[in-house]
Amino acid sequence: VRRGRLVHAVGVTPTLTAILKRQLDCSLEMLAKAIELCPDDAWADDAGHAPVWEQVYHALFWFNAWLRDWSKPIERPEFHIEEALEIKRRSGSLVERGQMAGYLAKVRADYESFMAGVTDVGLLASEKAFGRSWTVADRILGQVRHIQHHAGYLNAILSTTRGVRVRWIGYGER
């Protein structure tokens, strides 16, 4: 422990899989905080940008699509809106916050299940999807970047339009 932050247990070296997972966990937690802190009047606001709900849905759907067993089909939630995946809708349909919170819980459960089966050796396993081959490590790192991109975008929208900031969450800082 250093300055009140958990580094790792003395004498225990974390696996690479554990290190990658804890970074993904932080990214997903920041997205969850954006959902939680988003004022009700901002959830569907599309003044000059895609609404918050659409950004969140896009990020969660693709997180789930990339970090899952690729031998099984992608599961779409009951409220699925195809256009929202490309962040093209600017009005019309709406996914309610409660629906999104339920979907976040499902995505987290699927992700935990997927990661439970990943080993350090398995990080280099390659599978083909979305038109090319990807290692599990590529998929994980890609989603760290993807979730942080959307968490940052949402933070910019919420801070500039509503004065709400999602604080940085790093490993051991929840």
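What you see as residue numbers is a count from 1 along each chain, following the sequence as written. pLDDT decides what is reported in this predicted model: residues at 70 or higher carry local features, side-chain atom pairs at 80 or more are listed and counted, and totals for whole chains, interfaces and linings draw on all residues regardless. Note that water and hydrogens are dropped before the side-chain values are worked out from all heavy atoms of the structure.

Right, let's talk about the nonpolar core for a bit. In this description, a nonpolar core means a group of buried Ala, Val, Leu, Ile, Met, Phe, Trp, Tyr and Cys residues linked to one another through side-chain atoms lying within 4.5 Å. Accessible area is worked out with a 1.4 Å probe on protein chains only. A residue is then buried under 20% of its type maximum, exposed over 50%, and partly exposed in between. Formed by 43 residues in total, the largest nonpolar core has its most connected members in Tyr57, Leu60 and Met100. Strands here mean DSSP runs of E at least two residues long; helices mean DSSP runs of H or I at least four residues long; both are numbered from the N terminus. Listed by contribution, the elements that provide at least two residues to this core are helix 1 (16-37), helix 2 (40-43), helix 3 (52-66), helix 4 (82-85), helix 5 (97-116) and helix 6 (136-162). Examining the composition of this core, we find that nine residues originate from one element, helix 3, more than from any other. Beyond its immediate stretch of four places on either side in the chain, Met100 contacts Ile35, Trp43, Trp53, Val56, Tyr57, Leu60 and Val95. The contact definition used throughout considers only heavy atoms, calling two residues in contact when any of these lie within 4.5 Å.

In terms of strand pairing, strand 1 (residues 126-129) meets strand 2 (residues 132-135) through four bridges, oriented antiparallel. By the bridge assignment for strand 2, Ser126 is matched with Thr135. Should DSSP find at least two bridges between two strands, the strands are taken to pair.

So, about the packing of helix 1 against helix 6. All axes are obtained by fitting lines to C-alpha atoms, using only the stretch in contact for helices, and the reported angles, taken between N-to-C directions, cover 0 to 180 degrees. Close contact between helix 1 and helix 6 brings their axes to 9 Å; oriented N to C, the two are set at 25 degrees. When the axes of helix 1 and helix 6 are compared, the pair comes out roughly parallel. Where helix 1 crosses over helix 6, the handedness of that crossing is left-handed. Residues Leu20, Gln23, Leu24, Cys26, Ser27, Leu28, Met30, Leu31 and Ala34 of helix 1 form the contact with helix 6, whose own contacting residues are Ile140, Leu141, Gln143, Val144, Ile147, Gln148, Ala151, Leu154 and Leu158. We call Asp, Glu, Lys and Arg charged. Ala, Val, Leu, Ile, Met, Phe, Trp, Tyr, Cys and Pro are nonpolar, and the rest, Gly among them, are polar. Of the residues assigned to the contact of helix 1 with helix 6, the class counts are 14 nonpolar, four polar and no charged. Roughly parallel covers angles under 35 degrees, roughly antiparallel covers those over 145, roughly perpendicular covers 65 to 115, and oblique covers all other angles. In this scheme the crossing of two helices becomes right-handed for a clockwise turn of the near helix relative to the far one and left-handed for an anticlockwise turn of less than a right angle.

One can find His150 in helix 6. A polar atom in the side chain of His150 sits 3.4 Å from the side chain of His58. For His150, the residues in contact, after removing those within four places along its chain, are Gln55, His58, Ala59 and Ile87. In the analysis that follows, any N or O atom pair within 3.5 Å is treated as a polar contact, provided that within protein one partner can donate a hydrogen and the other can accept it, and provided that, for residues neighboring in sequence, both atoms belong to side chains.

Now for the layout of surface pockets. Its boundaries defined by the atoms lining it, the largest pocket holds a volume of some 250 Å³. Residue lining of the largest pocket: Asn64, Arg68, Asp69, Lys72, Pro73, Glu75, Lys106, Asp110, Ser113 and Phe114, and that is the complete set. Looking at the lining of the largest pocket element by element, the count peaks at four residues for helix 5. Residues of the lining of the largest pocket, tallied by class, amount to two nonpolar, two polar and six charged. Cavities and pockets were defined on a 1 Å grid built from protein atoms only: a cavity is a group of points that admits a 1.4 Å probe but offers it no way out, a pocket is an open group of points flanked by protein on both sides within 12 Å along at least five of seven lines, and a lining residue is one with an atom within 4 Å of any such point. Grid points are joined across faces, edges and corners, and a volume is the space filled by probe spheres set on the points.

Turning our attention to the environment of Tyr111. Along the chain, Tyr111 falls in helix 5. Counting along the chain gives 28 residues from Tyr111 to Glu83, while the straight-line C-alpha distance between them is 24 Å. Setting aside residues up to four positions removed in sequence, Tyr111 forms contacts with Lys21, Leu24, Asp25, Leu28, Phe63 and Leu67. At 3.3 Å, the side chain of Tyr111 and the backbone oxygen of Lys21 are in polar contact.

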